[in-house]
Amino acid sequence: MTGADGLRIAMWSGPRNISTALMRSWEARGDAAVVDEPFYAHYLKETGRDHPGRDAVIAAEPVGWRAVAGRLALEPIPGGKAIFYQKHMAHHLLPGMEGIWMNRLTHAFLIRDPAEMLTSLVRVTPDPGL
């Protein structure tokens, strides 16, 4: 949805779907502000998952999802830019996080061929699971 304050794109993806490369292309634009996995700290805190850099991520980022959602959907777009590109991991959206804040975003889904995604995933995650 394009509002008076610009376009807010929520790009939902899973691991190894070339989402970082796409995010970097948006980052190279002069008119776009970019945020990378804004719900990651909340996800790590709530799930207790042991991911690389877990403690540093939790210490550096807001862990309350409502504060993050407000920043993404309601606060002015950073830097006064026209576009706010948000790279999200779909599994970071935990039950109960849905809400009216999502209506302020334009949602898109990045889906990679599963065979290519899994081949890439096993290179960095030796024993992947659901």
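Residues numbered from 1 in each chain as written. Predicted model: local features only at pLDDT ≥ 70, side-chain atom pairs only at ≥ 80, totals over all residues. Heavy atoms only, no water.

1. A word on the overall build of the protein
Then comes step 1: Across its full length, the protein holds 5 helices and 5 strands.
Then comes step 2: Tracing the protein from N to C terminus, the helices and strands come up as β-β-α-β-α-α-α-β-β-α.
Then comes step 3: Relative to a compact globule of 130 residues, whose C-alpha radius of gyration would be 14 Å, the protein shows 15 Å and is just as compact.
Then comes step 4: Seen along its three principal axes, the alpha-carbon backbone of the protein occupies a region of about 45 × 30 × 25 Å.
Then comes step 5: The burial tally for the protein puts 38% of its 130 residues in the buried class.
Then comes step 6: Of the contacts formed within the protein by residues at least 6 apart in sequence, a portion of 75% connects residues at least 24 apart.
Then comes step 7: About 7,500 Å² of surface is accessible on the protein, with carbon and sulfur atoms providing 59% of the total. (Helix = DSSP H or I, 4+ residues; strand = E, 2+ residues; numbered from the N terminus. Rg over C-alpha atoms; globule rule 2.2 N^0.38 Å. Buried < 20%, exposed > 50% of the residue type's maximum accessible area, 1.4 Å probe, protein only. Contact = heavy atoms within 4.5 Å. Areas by Shrake-Rupley, 256 points an atom, 1.4 Å probe, with all protein chains shown as cover.)

2. Some thoughts on helix α1 (residues 19-27)
Then comes step 1: Of the residues making up α1, those classed as buried are S19, M23 and W26. Buried residues of α1, seen end-on, are gathered within an arc of 55° and therefore sit on one face of the element. (Arc of directions from axis to C-beta.)

3. What to know about the pattern of salt bridges
Then comes step 1: All chains considered together, the criterion is met by 7 salt bridges.
Then comes step 2: Between D36 and K87 there is a salt bridge; the shortest N-O distance is 3.1 Å. One end of the pair, D36, is in strand β3 (residues 32-36); the other, K87, is in strand β4 (residues 83-89), and 51 residues separate them in sequence.
Then comes step 3: Looking at K87, the relative accessible area reads 3%, which means it is buried. (Salt bridge = Lys/Arg side-chain N within 4 Å of Asp/Glu carboxyl O.)

4. Focus on the side chain of Q86
Then comes step 1: Here Q86 shows up in strand β4.
Then comes step 2: A relative accessible area of 0% places Q86 in the buried class.
Then comes step 3: Within the local environment of Q86, its side chain forms a polar contact with the backbone oxygen of L72, the two atoms lying 3.1 Å apart. (Polar contact = N/O pair within 3.5 Å; in protein donor to acceptor, adjacent residues only side chain to side chain.)

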